[in-house]
Amino acid sequence: MSSQPVTPSSSRILKRKGSSYADTMTESQASSSSPGSDRDERPLKRSKSSVTVIEDDDVSMAGGSRILKYTNMTIPEVIEGIPPATPGTVKICSWNVAGYRACQKKGFRRYVEAEAPDILLLTETKMNDVPVDPFIDNLYPHRYWNIATKKGYAGTAIFSKIKPLNVTYVLPDIATPDLVKGRLVIMEFETLYFIGTYVVNAGQKLKTMDSKIEWQRAFTAHLRHLDSQKPVIWAGDLNVAPTAKDLSNPKPNWNKSAGYTAIETEAFAEILNPKEAEDAKESEGSTSPGKFVDVWRQMNPDEKDFTYYSFLRKCREKGIGWRLDMCTSKTRYVSLRGPFS
């Protein structure tokens, strides 16, 4: 590990398709394009066996049909714009796949081969069991899955070419441990922690905001604890649009839609720039919590680009979306040498 430092200079967040809830939205709701609630996802059909096997062959769309490049339907057949790997760094990528089984038919293998990440974080995998996938198994010797208790729901996985020292899946002080099932993988390396999350959604009409608050408090406390030991990189589907620049229609969504409320944005801002850190400037020798950086936003301070698009009314083609998937890092781990999208 010491010969290959984990540095997110080429980290990328892949734009993802919308969740199934969008089928029931009205046209007026589509204009705001809220990400809704992952608690309303349709369950996957149960597998006939206890282990799902992904065949190691070309899983392109049936009949070889081509889909327009900028839609939610599939990864383009020719993937452009991926920068070459930077020697001496490790590429970390995060992708909400909205169903690991489903994405196999929509260009998953094409993307992984083209991007070639050293560490691949997947969220919303919706798996009921750990799958057997020869393609991934051959590329990544170290694979870690956190599967939700509820069938066909949530799910987080990390595939790594680098062996971690330790892997955990819990938030020690959370009152409802089931909130963490399918949502968290923490990898400890020699020089840092890498945390992958599929953060709890506040729900349509904010009906699960109490669960979101419980998650935020427990996660922030554990993040600070880990950060006090060694630097942390935190990535995944964070289920928050941090600022008005991070969604297409901020005004109608403010304090009404999951992911863009004062409760959620302030909690995220507190992680990036904790008040205790500011107060500690006046106290020499203080052990205050460190600051984090929203990597893509630091590199693109004024740009509006998104990672989530509803299926309804061709939101992807129209550019109506939210930036919910991101990577945060301690300031000294941020490099501006490569794009992050």
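Scroll up a little and you will see the structure.
Residues numbered from 1 in each chain as written. Predicted model: local features only at pLDDT ≥ 70, side-chain atom pairs only at ≥ 80, totals over all residues. Heavy atoms only, no water.

J.: Just to check I follow, could you spell out helix α5 (residues 209-227) for this structure?
T.: Side chains that are three or four residues apart share a direction in an α-helix, a result of its 3.6 residues per turn. Taking 1.5 Å per residue, 19 residues should reach 27 Å; α5 reaches 26 Å between its end C-alpha atoms and fits that length. Burial analysis of α5 places 14 of its 19 residues in the buried class, the great majority of the element. (Helix = DSSP H or I, 4+ residues; strand = E, 2+ residues; numbered from the N terminus. Expected span 1.5 Å × (residues − 1). Buried < 20%, exposed > 50% of the residue type's maximum accessible area, 1.4 Å probe, protein only.)

J.: Can you walk me through the sheet that holds strand β6 (residues 166-168) in this structure?
T.: Within a sheet, neighbouring strands are paired by backbone hydrogen bonds and run either parallel or antiparallel to one another. Within the open sheet, the 6 strands sit side by side as β6-β7-β8-β9-β11-β10. Their pairing is mixed. Of all the strands in the sheet, just β6 and β10 (292-294) have a single pairing partner and so form its edges. Sheet twist, expressed as the average angle between the axes of neighbouring strands with direction ignored, equals 15°. Here strand β8 (residues 193-198) pairs with strand β9 (residues 232-237) via 6 bridges, running parallel. (Pairing = 2+ DSSP bridges. Axes fitted to C-alpha atoms, helices over the stretch in contact; angles between N-to-C directions.)

J.: Explain helix α7 (residues 262-272) to me, please; I cannot follow it from the model alone.
T.: For α7, the set of buried residues is Ala262, Glu264, Thr265, Ala267, Phe268, Ile271 and Leu272. In this structure, the buried residues of α7 make contact with α5, β9, β10 and β11 (325-330). (Contact = heavy atoms within 4.5 Å.)

J.: Just to check I follow, could you spell out the pattern of salt bridges for this structure?
T.: Scanning all chains against the criterion turns up 12 salt bridges. For the salt bridge of Arg297 with Asp246, the shortest nitrogen-to-oxygen distance reads 2.6 Å. Taken together, the residues span a long stretch of sequence, with Arg297 in helix α9 (residues 295-299) and Asp246 in the loop between β9 and α6 (250-253) at a distance of 51 residues. The class of Arg297 is buried, set by a relative accessible area of 13%. Look at Asp246 and you get buried, because its relative accessible area is 0%. Overlapping salt bridges bring together Asp246, Asp294, Arg297 and Arg323 as one network. (Salt bridge = Lys/Arg side-chain N within 4 Å of Asp/Glu carboxyl O.)

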